[in-house]
Amino acid sequence: TGLTALDYGFVNTASTQSKITYIDGEQGILRYRGYPIEQLAEQSTYLEVAWLLIYGTLPSTDQLAEFDEKIRRHTLLHEDLKRFFSALPHTAHPMSVLSSAVSALSTYYEDSSDPHDLDHVELTMVRLLAKLPVIAAYAHKKSIGQAFLYPDNSLSFVDNFLRLNFGNMAEPYEIDPTLSKALDRLLILHEDHEQNASTSTVRLVGSTGANLYASISAGIQALSGPLHGGANEAVLQMLARIRDSGEGVTKFVERVKNKEDGVKLMGFGHRVYKNYDPRARLVKESADEVLAGLGVNDPLLDLAKELEQIALEDDYFKERRLYPNVDFYTGVIYKAMGFPTRMFTVLFAIGRLPGWMAHWREMNLDPQTKIGRPQQLYIGEPTRTYPSA
Ligand code: CMC
């Protein structure tokens, strides 16, 4: 068939053209629709950036207000879907609960399968933006045995989410602006990252004509792995293990360098960023600020800094151009906010949702889109004959 290129892990092959996100891995540049991530993180909000990613321009004040209003109207989950959570063990990983529940959403909204009906696509996107945080909070509440709260649609997107996670039936929830601002900022930093594994999954599933719920559910599963979004959870586990084992940072780094039992420095390295990850820089700046703002003093943050310092000065990491990525410091912040470790990747998923949807929509509007179907080079046995009896 004239097939020549073999590219494990798609290191050299572009699967699509896209107008959404620009990354320069050598210079550590990340822009959404042309806007530098630093400016968006400082000045924008999660929902405004979601609009930007999906539609390509910043929304007008009225457009944003209308979008926000629509999302507030769709936060409720069908009562039957709420019962879905009772069928799952309380020990279930919240990422599995999240993707199962998103998959289940497609059973309630079977009407939304035409990717070219743009009004309907918008309604589906609004439903997902509204319901994913509620599902996430219910997965959290389920895991700690607490009652689910109904969303309070008078609250902003982020405050509603925080209340659903940390509020209870007995007393009013007090909004903490430091917490809200910090979470909004972290969500913005996660909103898109061009053709990473989960976004490519969403595109691949979507290229078959599968609906948006099915595609997003698959994206959540792809994100769950420790080499991708699951790294934020793995970083915290690694830091806690170093602390509890008492082995010390230097010894741990030695084990990483010797590739003992395949142990890696989680939260380090990136396929694209080879000098630094601009998101990691912003997250690190936030970490001290947020912990101080919340009045939390976590020795794991000091451990993380010590680890980073040692790794950055070590030839193994220098030669391989390994630097902290976005997941290195986020866990320490999420922990300070009160989220259990197993919720960290769920927060990443809420952050990444707009990007996944923007790519799904862009793909379906692109006349060049075809079903995704990678090639292989066959290296198995040539023809064999089944033995006769
Ligand atoms: N710790 C120790 N060694 C590493 C690490 C690490 N974190 N990352 C890469 N290396 C080594 C790797 O073993 C290889 O060494 P050698 O040349 O001796 O075989 C070399 O560096 C090149 O790495 P690679 O595996 O070819 O790089 P990749 O582009 O295929 O993988 C990565 C990128 C992010 C999967 C990898 O760096 C990694 O596993 N990092 C730890 C997990 C992590 O933090 N993931 C989050 C990524 S950023 C956010 C997201 O995508 O969700």
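Residues numbered from 1 in each chain as written. Predicted model: local features only at pLDDT ≥ 70, side-chain atom pairs only at ≥ 80, totals over all residues.

**Topic: the overall build of the protein**
Helix and strand counts for the protein come out as 17 helices and 3 strands. Computed over its C-alpha atoms, the radius of gyration of the protein comes to 22 Å, within 12% of the 21 Å expected for a compact globule of 389 residues. For the protein, the spread of C-alpha atoms along the three principal axes comes to 70 × 55 × 55 Å. Relative to its full complement of 389 residues, the protein shows a buried share of 41%. Sequence-distant contacts in the protein: of pairs separated by 6 or more residues, those separated by 24 or more amount to 77%. (Helix = DSSP H or I, 4+ residues; strand = E, 2+ residues; numbered from the N terminus. Rg over C-alpha atoms; globule rule 2.2 N^0.38 Å. Buried ≥ 20, exposed ≤ 12 C-beta atoms within 10 Å, placed from the backbone. Contact = placed C-beta atoms within 7 Å.)

**As for the site of the ligand**
Near the ligand there are 20 residues, and of these A231, K264, G269, R271 and N325 occur at the shortest range. Its residues assigned to classes, the shell around the ligand shows 8 nonpolar, 8 polar and 4 charged. (Near = placed C-beta within 6 Å. Nonpolar A, V, L, I, M, F, W, Y, C, P; charged D, E, K, R; others polar.)

**So, the pairing of strand β1 (residues 21-24)**
Side chains T21 and I23 project from β1 onto a buried face, and the interleaved Y22 and D24 project onto a face without burial. Bridge count for β1 against strand β2 (residues 29-32) is 4 bridges, and the pairing is antiparallel. The residue bridging Y22 from the neighbouring strand is R31, located in β2. Counted between consecutive antiparallel strands, the loop separating β1 from β2 contains 4 residues, among which G28 sits at a positive phi close to 70°. (Pairing = 2+ DSSP bridges.)

**Describing the UniProt feature "active site" (unreviewed entry) in the protein**
Mapped onto the present numbering, the UniProt feature "active site" (unreviewed entry) falls at H270 and D327. The greatest C-alpha distance among the residues just named is 10.6 Å, despite their covering 58 residues of sequence, which places them together in space. Secondary-structure assignment places H270 in the loop between α12 (249-257) and α13 (278-294). In this structure D327 comes out as buried when scored by C-beta crowding, with 29 C-beta atoms within 10 Å. (UniProt positions renumbered as here; feature names shortened; annotations may be inferred.)

**A look at the sheet that holds β1**
Strand order in the open sheet formed by 3 strands is β1-β2-β3, with antiparallel pairing between adjacent strands. The two strands at the open ends of the sheet, each matched to only one other strand, are β1 and β3 (35-36).

**Some thoughts on the confidence of the model for the protein**
Do not read the predicted coordinates in detail wherever pLDDT is low. Overall, the prediction assigns the protein a mean pLDDT of 95, with 99% of residues at 70 or greater. Predicted complex metrics record ipTM = 0.98 and pTM = 0.97. (pLDDT = per-residue confidence, 0-100.)

**Remarks on the environment of A41**
Mapped onto the secondary structure, A41 falls in helix α1 (residues 37-43). The class of A41 is buried, set by 21 C-beta atoms lying within 10 Å. Each C-alpha atom of the pair A41 and L300 lies 25 Å from the other, and the pair is 259 residues apart in sequence.

**Some details on unusual backbone geometry**
Although it is not a glycine, R33 sits at a positive phi angle of roughly 50°. Here R33 shows up in the loop between β2 and β3. Even without being glycine, R321 reaches a positive phi, approximately 55°. Tracing the sequence through the fold places R321 in the loop between α15 (315-319) and α16 (327-337). Judged by the 14 C-beta atoms lying within 10 Å of it, R321 falls in the partly exposed class.

**Re the nonpolar core**
Here is a general trend for soluble globular proteins: nonpolar side chains tend to be buried in one another's company. Among the nonpolar cores identified, the biggest contains 104 residues, and L98, I135 and I333 are the most heavily contacted of them. Other than its neighbours up to four places away in sequence, I135 contacts L77, L98, A101 and V102. (Core = buried A, V, L, I, M, F, W, Y, C linked by C-beta atoms within 7 Å.)

**Some thoughts on helix α5 (residues 94-108)**
End to end, α5 covers 21 Å across 15 residues, agreeing with the expected 21 Å (1.5 Å per residue, within 8%). Here α5 has its buried residues at P94, M95, V97, L98, S99, A101, V102 and L105. Contact partners of the buried residues in α5: α4 (79-84), α6 (118-144), α10 (212-223) and α17 (344-365). (Expected span 1.5 Å × (residues − 1).)

**Quick look at the packing of α6 against helix α7 (residues 157-166)**
As a packed pair, α6 and α7 sit with axes 8 Å apart at the nearest point and diverge in direction by 20°. Classified by the angle between their axes, α6 and α7 sit roughly parallel to one another. Judged by the sense of rotation from one axis to the other, the crossing of α6 with α7 is right-handed. Judged by residue contacts, P133, V134, A137 and H140 of α6 engage F161, L164 and N165 from α7. Among the residues forming the contact of α6 with α7, the class breakdown is 5 nonpolar, 2 polar and no charged. (Axes fitted to C-alpha atoms, helices over the stretch in contact; angles between N-to-C directions. Parallel < 35°, antiparallel > 145°, perpendicular 65-115°, else oblique. Left-handed = near helix turned anticlockwise from the far one by under 90°.)

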